[in-house]
Amino acid sequence: MAEIELRGLTKRFGKMIAVNAVDLDVEAGEVMCLLGPSGCGKTTTLRMIAGLEWASAGDITIAGKRVNDLRPAQRDIAMVFQFYALYPSLTVAENLAFPLHVEKQTREQIAARVRRIAKLLELEHVLDRLPGRLAEGEKQRVAVGRAVIRDPTCFLFDEPLSRLDIALRQEMRGQIKTLLSGLKRATVIVTHDQIEALTIGNRIAVMRDGLIEQVATPHDIFATPANLFVAGFIGTPQMNLVEGTRAENTDDRLALSALGQRVILPIDGTARTLPPVGEPLTIGIRPRAFEPVNETGPDRFSGNIDVIEPLGAETLLHISLGDHDLRVVLPRGAGLRPGDRLHVRPLDGQVLVFAADGRRLAP
Ligand code: ATP
């Protein structure tokens with residue numbers, strides 16, 4: 001049985017359904033990221049698990065016990081909203097120990113817990129310092145440590161890194177990941193930052209309009225998105241989504257009429273599962289899944305380069321195909337200029353096919 005189980009979890013605010021019959025399992029030791037655009041119901045889901053909102057329907061089970069009717073303090077959870085200020089006149093060790101004093105532990109037990117958390121967060125060398133003498137990253141780590149030092153069944157984080165600047169956020173992502181894997185608790189993190197979800201989460205639940213669209217590992221979410229929404233939401237630059245119709249009844253490849261061209265795309269042995277000839281479908285190709293080729297041909301897209309955006313070691317090219325903008329990322333230094341003609345071939349195994357209703361059909 002999963003450590004946190006949600007079944008049919010629903011929240012209505014008047015007539016508005018903020019969370020719509022959500023089912024989700026979070027295992028012990030697992031970090032589950034709830035990811036989705038603003039207003040999709042992530043925070044409301046987290047607040048219901050925490051007991052800060054009552055569920056309108058459905059069940060919330062934590063460690064085998066239905067907790068719907070329990071108050072937050074009775075649910076054995078630690079919730080981290082965002083990093084809060086430290087007590088300036090207490091040392092790092094005293095700040096870390098602060099939440100443990102209500103638990104009636106012995107001095108030795110408290111010291112052992114402080115040492116464990118300090119080790120996980122690499123704070124052992126600053127335990128005797130006052131917060132005023134810490135670097136910004138160390139202060140943030142103490143704040144996280146103080147939030148997680150109790151040993152509850154699960155941790156709930158709401159946008160934990162959203163207030164940090166980019167450099168510190170990058171540093172803290174790695175540290176939070178290490179910390180959480182050391183704590184071995186069921187953890188739910190709400191974020192709208194896909195990099196955060198892809199780096200920290202063992203699995204990601206992508207939400208939209210109160211529904212879960214897909215739950216999968218970061219790799220699977222990226223490689224095999226369940227539908228067009230997830231495909232377009234995950235990945236930067238965004239996946240190319242090209243609408244077309246099936247042009248021929250081939251088996252080992254897809255003949256597609258799209259963007260005023262007829263293209264033959266590689267899709268291994270799955271063509272039989274596709275809709276019949278003449279039916280609409282959408283193909284998805286990531287901007288990094290193309291190779292440039294020298295001349296035009298049936299298995300490639302050809303168009304003029306509209307805009308070139310430098311991305312450090314790579315270059316993002318916007319290629320104009322009729323009124324469609326094809327995004328292609330190539331290594332920097334290809335000597336290309338706006339207006340140049342470019343032919344790009346999708347790489348084998350990198351073309352996704354979606355049905356008219358948005359479901360992924362292949363691979
Ligand atoms: P964000 O990233 O912007 O916080 P979210 O995915 O966390 O978005 P929620 O905060 O869960 O989304 O909100 C889901 C929907 O429920 C939104 O449309 C929001 O306006 C609505 N909502 C949330 N709390 C309340 C409330 N107390 N009363 C009425 N509507 C609410």
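Residues numbered from 1 in each chain as written. Predicted model: local features only at pLDDT ≥ 70, side-chain atom pairs only at ≥ 80, totals over all residues. Heavy atoms only, no water.

## Quick notes on the site of the ligand
Inference 1: If you check the shell around the ligand, you find Phe13, Met16, Ala18, Pro37, Ser38, Gly39, Cys40, Gly41, Lys42, Thr43 and Thr44 and nothing else.
Inference 2: Contacts to the ligand include glycine 39, whose backbone N or O atom sits 2.7 Å from an oxygen atom.
Inference 3: Lysine 42 is positioned with one of its side-chain polar atoms (N or O) 3.0 Å from an oxygen atom of the ligand.
Inference 4: Across the complex, the protein chains shield 58% of the 630 Å² of accessible surface that the ligand would expose by itself.
Inference 5: For the shell around the ligand, the secondary structure elements donating two or more residues are strand E2 (16–26) and helix H1 (42–50).
Inference 6: In terms of residue count, the dominant contributor to the shell around the ligand is H1 (three residues). (Near = heavy atom within 4 Å. Polar contact = N/O pair within 3.5 Å; in protein donor to acceptor, adjacent residues only side chain to side chain. Areas by Shrake-Rupley, 256 points an atom, 1.4 Å probe, with all protein chains shown as cover. Helix = DSSP H or I, 4+ residues; strand = E, 2+ residues; numbered from the N terminus.)

## What about helix H5 (residues 166–183)?
Inference 1: Compared with the 26 Å implied by 1.5 Å per residue over 18 residues, the 25 Å span of H5 between its first and last C-alpha is a close match.
Inference 2: Listed as buried for H5 are Leu168, Arg169, Met172, Arg173, Gln175, Ile176, Leu179, Leu180 and Leu183.
Inference 3: If you follow the buried residues of H5, they end up packed against strand E3 (31–35), helix H3 (107–120), helix H4 (136–148), strand E7 (154–158), strand E8 (186–191) and helix H6 (194–200).
Inference 4: Lysine 184 occupies a position one or two residues after H5 and carries a positive phi of about 55°. (Expected span 1.5 Å × (residues − 1). Buried < 20%, exposed > 50% of the residue type's maximum accessible area, 1.4 Å probe, protein only. Contact = heavy atoms within 4.5 Å.)

## Points about the pattern of salt bridges
Any two side chains of opposite charge can pair, so long as their charged atoms come close to each other.
Inference 1: On inspection of all chains with the given rule, the structure shows 18 salt bridges.
Inference 2: A salt bridge links glutamate 53 to arginine 47, with the shortest nitrogen-to-oxygen separation between them at 3.5 Å.
Inference 3: Since its relative accessible area comes to 26%, arginine 47 is described here as partly exposed.
Inference 4: Two residues, arginine 169 and aspartate 193, come together in a salt bridge whose shortest N-O distance is 3.5 Å. Of the two residues, arginine 169 sits in helix H5 while aspartate 193 sits in the loop between E8 and H6, which places them 24 residues apart along the sequence.
Inference 5: One continuous salt-bridge network, built from bridges that share partners, spans Glu291, Asp299, Arg300 and Arg345. (Salt bridge = Lys/Arg side-chain N within 4 Å of Asp/Glu carboxyl O.)

## Remarks on the domain arrangement of the protein
Inference 1: According to the domain assignment, the protein contains domain 1 (4–228) and domain 2 (240–362).
Inference 2: Domain 1 and domain 2 are separated by 39 Å when their C-alpha centres are compared.
Inference 3: Contact with domain 1, which involves seven residues of that partner, is made by eight residues of domain 2.
Inference 4: Taken together, both faces of the contact between domain 1 and domain 2 bury some 670 Å²; the carbon and sulfur share is 62%.
Inference 5: When the area that domain 1 buries against domain 2 is broken down by residue, the three leading residues are Phe222, Pro225 and Leu228, summing to 66%.
Inference 6: One can count zero salt bridges joining domain 1 with domain 2.
Inference 7: At the boundary of domain 1 with domain 2, the tally comes to five residue pairs in polar contact (both at pLDDT 80 or more).
Inference 8: The residue makeup of the side of domain 1 that touches domain 2, split by class, is five nonpolar, two polar and no charged. (Domains from an automatic or database assignment. Buried area = accessible area lost by both parts, 1.4 Å probe. Nonpolar A, V, L, I, M, F, W, Y, C, P; charged D, E, K, R; others polar.)

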